[in-house]
Structures are given as structure tokens and as C-alpha cells.
Amino acid sequence: MPVWVWGEVQEMLPENFAASYFAKLGKRVERSEAKSLERPASVVTIPYLVKPWDHQLVAIDRATPRDHFGLFFEMGAGKTMTAINILRKWYVSEKRLLRTLVLGPPIVVQNWRREFAMHSKVQDHVVCLEGAGKKRLETFGKAIALGPRVFVTNYESLLMAQLFQALIDWAP
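Keep in mind the model is a prediction, meaning the values are calculated, not measured. (Residues numbered from 1 in each chain as written. Predicted model: local features only at pLDDT ≥ 70, side-chain atom pairs only at ≥ 80, totals over all residues. Heavy atoms only, no water.)

1. Comments concerning the overall build of the chain
Piece 1. From N to C terminus, the chain includes six helices and five strands.
Piece 2. Across the chain, helices and strands are ordered from the amino to the carboxyl terminus as β-α-α-β-α-β-α-β-α-β-α.
Piece 3. Expressed as a percentage of the 172 residues in the chain, the buried residues total 37%.
Piece 4. Intrachain contacts of the chain at a sequence separation of at least 6 include 63% that bridge at least 24 residues.
Piece 5. Looking at the chain as shown, the accessible area adds up to about 10700 Å², and 58% of this sits on carbon and sulfur atoms. (Helix = DSSP H or I, 4+ residues; strand = E, 2+ residues; numbered from the N terminus. Buried < 20%, exposed > 50% of the residue type's maximum accessible area, 1.4 Å probe, protein only. Contact = heavy atoms within 4.5 Å. Areas by Shrake-Rupley, 256 points an atom, 1.4 Å probe, with all protein chains shown as cover.)

As C-alpha cells, then:
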């Protein structure tokens, strides 16, 4: 059940990327306008450790029943917190911590650990994969032996053949 979180990579994308993305996908994607803050009925409820803003609550409720969901918030609007709370709802729904892989730019890897500590009670299960490929692979191998984990790493990990294969074999 991946949640796709779109960070601030505007220098790499055309202006109005989200609009062009939705236009290309047409009816296959539900478009949620910022003006529409009507929240759908949620099956799973969780106590929030930090109260989300209205737009975050809408996104959490809309994303929870789906397998994929994009968060196209502006910088500083709470994409990470929203994604963590979506994951928390999935964990509660499944009554267990699910294997989770978060990929992002290198600058946000440690931020995810801090945000998990603020917004969840699974911070002891969050593992950042950083450093050389051999170190990441070793850290990954030790952590998966301990049970389900939330791994946070950067896109570069996908270029490391052994780590990439280990992630595929792990099958989050």
C-alpha cells in the first residue's frame, strides 16, 4: 500500500506539474481541489499526537482506503506528517506494523525519523539507511532480522545493486 509523497523538486519539473499529471491521467485519478475540505467517513480512527490541519485531515481520510495516493502539498504544508498518519491508520487497520519503505531526497532522511518520533509511537522501528552501499546493506540486514521496520533512505539506494535486490526480496 504505497503512499507517494511528492517533495519540492520544482527545479526538475515543469510549472503546474500536478495539473498536467492529473490531465494526462484523466478519469483514472481522483482530483481533490484545495477548496473542497469535505472529509469522507473514515473506518479507522486514531488519536493524533499533533492535531493535523484541515487539509491534512482530508488527505488522511481520502488516502487511507486507497492503495496509492499523491500528496501534492506546498513546501511546509505537512506532507511528511500526513503520510505518517496515513501509515498509522494502515498499521491500526492491519493491527500490526507493516513493512514500510520511504524514499526521498537525502536532505529529508533524518527528518523522517524526527517526524515519526513526533507523530507516532513506532519511532524505535524507524531505520535510516545512509552512508556507503555496504553500510546500508549491513544496516538493512540487521534490522529486518528484528521484524517489521520502517526504512527511510534516499533514491540513490535504488542504484546500489545489492541493496536494491535486498529491498525487492524483502517486498514491502
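2. Observations regarding the nonpolar core
Piece 1. Residues Leu 71, Ile 86, Tyr 91, Trp 112, Phe 116, Val 150 and Val 152 are the most contacted members of the largest nonpolar core, which totals 24 residues.
Piece 2. Only helix H2 (54-63), helix H3 (79-94), helix H4 (109-119), strand E4 (126-129) and strand E5 (150-154) provide two or more residues apiece to this core.
Piece 3. At six residues, the largest contribution of residues to this core is made by H3.
Piece 4. Beyond its immediate sequence surroundings of up to four residues, Val 150 is in contact with Tyr 91, Leu 97, Thr 100, Val 102, Phe 116, His 125, Val 126 and Val 127.
Piece 5. One finds Phe 140, Met 160, Ala 166 and Trp 170 within the second-largest nonpolar core, a separate group that totals 10 residues. (Core = buried A, V, L, I, M, F, W, Y, C linked by side-chain atoms within 4.5 Å.)

3. Let's talk about helix H6 (residues 161-170)
Piece 1. Residues of H6 that are buried include every one of Leu 163, Ala 166, Leu 167 and Trp 170, and no others. For H6, the arc enclosing every buried residue in end-on projection is 100 degrees, short of the 170-degree limit, so these residues lie on one face. Along H6, the residues that are exposed and aim more than 90 degrees away from the buried face are Ala 161 and Asp 169.
Piece 2. Taken together, the buried residues of H6 touch strand E3 (100-104), helix H5 (133-144) and E5. (Arc of directions from axis to C-beta.)

4. A word on the pattern of salt bridges
Piece 1. For the structure on display, the rule yields three salt bridges.
Piece 2. Here Lys 89 and Asp 61 are joined by a salt bridge, their closest N and O atoms 3.0 Å apart. Placement of Lys 89 in helix H3 and of Asp 61 in helix H2 is noted, with a sequence separation of 28 residues between them. Residue Lys 89 shares its accessibility class with Asp 61, and that shared class is buried.
Piece 3. One salt bridge in this structure joins Arg 136 and Glu 156, with 3.2 Å as the shortest N-O distance. (Salt bridge = Lys/Arg side-chain N within 4 Å of Asp/Glu carboxyl O.)

5. Some words on unusual backbone geometry
Piece 1. Phi at Lys 95 takes a positive value of approximately 60 degrees, unusual for a residue other than glycine.
Piece 2. Checked against the element boundaries, Lys 95 lands in the loop between H3 and E3.

6. Re the confidence of the model for the chain
Piece 1. With 75% of its residues at a pLDDT of at least 70, the chain reaches an overall mean of 82.
Piece 2. Here strand E1 (residues 4-5) stands out as the element of the chain with the lowest mean pLDDT, 48, in contrast to E4, whose mean of 98 is the highest.
Piece 3. With pLDDT under 50 throughout, residues 1-14 is counted as low confidence; its partners more than four residues away or in other chains account for 31 contacts.
Piece 4. With pLDDT under 50 throughout, residues 25-35 is counted as low confidence; its partners more than four residues away or in other chains account for seven contacts. (pLDDT = per-residue confidence, 0-100.)

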